[in-house]
Amino acid sequence: MEVMAGFREWVDDLLGLVYPRLCAACGSAQPLGGHCLCLRCEWDLPRTDFHRIADNTMSRRLTGRFPLEGAAAMFYFLKDSPVQQLLHRIKYQGQSQAAHDLGRFYGRELMECRPFDEANAIIPVPLHPRRQHFRGFNQSAWFGKGLSSVMEIPLLEDRLVRTKATLTQTSMSRSERLDNMKDAFRLKSRKGLAGQHILLVDDVMTTGATLEACALSLLTVPGVRISLVTLAIARD
Ligand SMILES: [Zn+2]
């Protein structure tokens, strides 16, 4: 895995000489060594450090809703910020590779922290098949692939399916979001899930309605434990 990653970075560096790759957050500076962020953004983007703090904003937002082992987001998401631009580039400008890079970066940190180091499977929040077809990829799955490659635990992309094309939730209240998410996901296969500690992975958490709906589906399998990992969390 690491040999392949080294080779990919080498190819990226070589391509970068011909087609300079720009930072996925600020879009101007050039990252070094195959990273998706420039040095300044790597330094400046607002990190949460939730993986080191068990009682954090993310886990508190979900208290009492379903059994949760741990919850961590890489960045704080603020409107009109470089993190919003980063997420926008990943989702709408096809920068799936940036999501993968961030997964590899964050995976190394998660491996050092409980309970994330005990997880043994990764499941990304699925897109509705129609949305996935239009976009061409699922950004959460690419983030999950990055995590999977460094944490050396399998990414299970085919267990959970989205059966309802949910509306965009940006302007909805918490109860409207929960209603929107009702029956939105179905467990297609339980194969290999019993007794597993699953990292459920998404791009941005706002109220947590999407993650809650997915977690409730997965928790119907005996012995399943859930931890959450997202690229970003929207501030209250
Ligand atoms: Zn930058």
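Residues numbered from 1 in each chain as written. Predicted model: local features only at pLDDT ≥ 70, side-chain atom pairs only at ≥ 80, totals over all residues. Heavy atoms only, no water.

Enquirer: I'm lost on the coordination of the zinc ion in this one. Help?
Expert: Perfect tetrahedral coordination of a metal by four donors corresponds to 109.5 degrees between them, and perfect octahedral coordination by six donors corresponds to 90 or 180 degrees. Around the zinc ion, the protein contributes the donor atoms Cys23 (SG), Cys26 (SG), Cys38 (SG) and Cys41 (SG), which lie 2.3 to 2.4 Å from the metal centre. Here the donor residues of the zinc ion share one chain and are spaced in sequence as C-x2-C-x11-C-x2-C. With Cys26 in the loop between α1 (2–18) and α2 (39–44) and Cys41 in helix α2, this pair connects stretches of sequence that are 15 residues apart. (Donors = N, O, S within 2.8 Å, 3.2 Å for Na, K, Ca; no water. Helix = DSSP H or I, 4+ residues; strand = E, 2+ residues; numbered from the N terminus.)

Enquirer: Please clarify how the nonpolar core should be interpreted in this entry.
Expert: Note that soluble globular proteins tend to have their nonpolar side chains buried in a common cluster. Membership of the largest hydrophobic core comes to 67 residues, with the highest contact counts inside it found for Leu37, Leu102, Leu200 and Leu218. Residues lining this core come from more than one domain, with at least three contributed by each of domain 1 (1–44) and domain 2 (46–234). Sequence-distant contacts of Leu218, that is, excluding residues within four places in its chain, are made with Ile123, Leu160, Leu187, Leu193, Ile198, Leu200, Val224 and Ile226. (Core = buried A, V, L, I, M, F, W, Y, C linked by side-chain atoms within 4.5 Å. Buried < 20%, exposed > 50% of the residue type's maximum accessible area, 1.4 Å probe, protein only. Domains from an automatic or database assignment. Contact = heavy atoms within 4.5 Å.)

Enquirer: Got a minute to help me understand the packing of aromatic side chains in this structure?
Expert: The description of an aromatic ring pair rests on the distance of the ring centres and on the angle between the ring planes. This model, assessed by the stated rule, comprises one aromatic pair. With centroids separated by 5.8 Å and ring planes inclined at 85 degrees, the aromatic side chains of Phe50 and Tyr76 adopt a geometry described as edge-to-face. Of this pair, Phe50 sits in the loop between α2 and α3 (57–61) while Tyr76 sits in strand β1 (residues 70–77), and the two are 26 residues apart along the sequence. Just as Phe50 is buried, Tyr76 falls in that class too. Stacked on the ring of Phe75, the Lys or Arg Arg47 has its end atom at 5.9 Å from the ring centre. Over the ring of Tyr76 we find Arg235; its NZ or CZ atom is 3.9 Å from the centre of that ring. (Phe/Tyr/Trp six-rings, centres within 6.5 Å; stacked < 30°, edge-to-face > 60°. Lys NZ or Arg CZ within 6 Å of the ring centre and 35° of its normal.)

Enquirer: What exactly am I supposed to notice about helix α8 (residues 174–181) here?
Expert: For an α-helix, 3.6 residues make a turn, and residues three or four places apart therefore share a direction. Within the span of α8, buried status applies to Arg177, Asn180 and Met181. Relative to the axis of α8, the buried residues are bounded by an arc of 90 degrees and lie together on one face. For α8, the exposed residues lying more than 90 degrees away from the buried face are Ser175 and Asp179. Residues of α8 that are buried in the fold lie against β3 (160–162), β4 (185–187) and α9 (209–218). (Arc of directions from axis to C-beta.)

Enquirer: How should I be thinking about the domain arrangement of the protein in this particular structure?
Expert: Quite often, the size of an interface is put as the accessible area lost when its parts meet. Structurally, the protein comprises domain 1 (1–44) and domain 2 (46–234). Measuring from the centre of the C-alpha atoms in domain 1 to the corresponding centre in domain 2 gives 24 Å. The interface of domain 1 with domain 2 comprises 16 residues on the first partner and 16 residues on the second. A combined buried area of about 1,100 Å² lies between domain 1 and domain 2, and 52% of that area is made up of carbon and sulfur atoms. Between domain 1 and domain 2 we count one salt bridge in total. A salt bridge links Asp101 to Arg21, with the shortest nitrogen-to-oxygen separation between them at 3.5 Å. Those elements giving two or more residues to the side of domain 1 that touches domain 2 turn out to be α1 and α2. (Buried area = accessible area lost by both parts, 1.4 Å probe. Salt bridge = Lys/Arg side-chain N within 4 Å of Asp/Glu carboxyl O.)

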